[in-house]
Amino acid sequence: AVEFVRASVATKKPFLAVVWNITPHQATERLRAFYPNQPVPAQEYWGMISSVDENVGRMRATLREQGVADDTLFLSTSDDGGADPSKAHHPFAGGKGNGWE
C-alpha cells in the first residue's frame with residue numbers, strides 16, 4: 001500500500017487504497033516479544049494490536065512524507081473481533097458474530 005500511495009502521488013492522480021491488515025489474526029514473534037511478562041495468549045493479543053498500530057503509523061508517515069496528509073481522508077477500522085470470547089486474552093463482551101463486537 002505504501003508503494004501504491006507513492007506511485008499515485010508521483011503521477012499526481014487521486015487514489016483510493018483499501019488495505020486489509022492480516023495482522024489482527026496473528027502476531028509475529030517479534031511483536032509478541034514486546035510483552036515478555038504476559039501469558040502467551042496476552043502476548044498474542046497485544047502483539048496483534050501492536051502490529052496494527054505499526055502499520056497505521058507507517059501509512060500516516062507515508063502520507064506526510066509524500067505531502068498529501070492534509071488532503072487525504074484516512075480511515076482506520078478494526079477487525080470483527082475474536083471468535084471465542086471465553087479465551088483469556090479476549091477482554092471484551094461478545095465475539096465474532098455477536099452484536100457486542
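Please read all numbers here as calculations on a predicted model, not as lab measurements. (Residues numbered from 1 in each chain as written. Predicted model: local features only at pLDDT ≥ 70, side-chain atom pairs only at ≥ 80, totals over all residues. Heavy atoms only, no water.)

## Side note on the packing of aromatic side chains
Inclusion rule: Classification of ring pairs rests on two measures: the distance between centres of Phe, Tyr or Trp rings, Trp counted by its six-membered ring, which must be within 6.5 Å, and the angle between planes, read as stacked under 30 degrees, edge-to-face over 60 and tilted in between. The helix count covers DSSP runs of H or I at least four residues long, the strand count covers runs of E at least two residues long, and both are numbered beginning at the N terminus. Burial status follows relative accessibility: with a 1.4 Å probe on protein chains alone, a residue under 20% of its type maximum counts as buried, one over 50% as exposed, and anything between as partly exposed.
Tallying each qualifying case throughout the model produces three aromatic pairs. Seen from their ring centres, Phe 4 and Phe 15 are 6.3 Å apart, and the 90° between their planes marks the pair as edge-to-face. One end of the pair, Phe 4, is in helix H1 (residues 2-10); the other, Phe 15, is in the loop between H1 and helix H2 (29-32), and eleven residues separate them in sequence. For Phe 15, a relative accessible area of 27% translates into the label partly exposed. Seen in terms of ring centroids, Phe 34 and Tyr 35 are 6.3 Å apart; in terms of plane orientation they differ by 70°. Their pairing is edge-to-face. According to the relative accessible area criterion, Phe 34 is partly exposed, its value standing at 45%. Since its relative accessible area comes to 24%, Tyr 35 is described here as partly exposed.

## Describing the pattern of salt bridges
Threshold: One side-chain nitrogen of Lys or Arg within 4 Å of one carboxyl oxygen of Asp or Glu is enough to make a salt bridge.
Counting across every chain of the model gives four salt bridges. Between Arg 6 and Glu 3 there is a salt bridge, with the nearest N and O atoms lying 2.9 Å from each other. You can see Arg 6 and its partner Glu 3 sitting in helix H1, three residues apart, about one turn around the helix. Its salt-bridge partner being Glu 44, residue Arg 32 comes within 3.5 Å of it at the nearest N-O pair.

## Some words on helix H3 (residues 40-65)
Rule in force here: Expected helix span is computed as 1.5 Å times (number of residues minus one). When checking whether two residues touch, look at their non-hydrogen atoms; a contact exists if any pair is within 4.5 Å.
Its 26 residues give H3 an end-to-end C-alpha distance of 37 Å, which sits within 8% of 38 Å, the value for a rise of 1.5 Å per residue. What H3 keeps buried is the set Ala 42, Gln 43, Tyr 45, Gly 47, Met 48, Ser 50, Ser 51, Met 59, Thr 62 and Leu 63. Among the structural elements, H1 and H2 are those in contact with the buried residues of H3. One or two steps after H3, the chain reaches Gly 67, where phi turns positive at roughly 75°.

## Details of the side chain of Gln 43
How we decide: Here a polar contact is recorded for every N or O atom pair within 3.5 Å, except that within protein the pair must consist of a potential hydrogen donor and a potential acceptor, and residues adjacent in sequence are included only if both atoms are side-chain atoms.
Within the secondary structure, Gln 43 sits in helix H3. At a separation of 3.2 Å, a polar atom in the side chain of Gln 43 contacts the main-chain carbonyl oxygen of Tyr 35. In contact with Gln 43, other than residues within four places in its own chain, are Arg 32, Tyr 35, Pro 36 and Gln 38.

## Quick word on a nonpolar patch on the surface
Rule in force here: Like charges within 9 Å and nonpolar side chains (Val, Leu, Ile, Met, Phe, Trp, Tyr) within 5 Å are joined into patches, using only residues over 30% in relative accessible area that form no salt bridge. For the area figures, the Shrake-Rupley method with a 1.4 Å probe applies, and any residue is considered shielded solely by the protein chains shown.
Residues Leu 16, Val 18 and Trp 20 make up a contiguous nonpolar surface patch of about 460 Å² in total accessible area. Judged by relative accessible area, Trp 20 falls into the exposed class, the value being 77%.

## Comments concerning unusual backbone geometry
The bulk of non-glycine residues show a negative phi, and the bulk of peptide bonds are trans. With a phi angle near 60°, Lys 12 is a residue other than glycine that sits in the positive phi range. Positionally, Lys 12 belongs in the loop between H1 and H2.

## What about the confidence of the model for the protein chain?
Applied cut-off: Along the chain, pLDDT gives the predictor's confidence residue by residue, from 0 to 100.
Averaged over every residue, the pLDDT of the protein chain is 82; residues scoring 70 or more account for 72%. Taken element by element, the predicted model of the protein chain shows its lowest mean pLDDT in H3 (91) and its highest in H1 (95).

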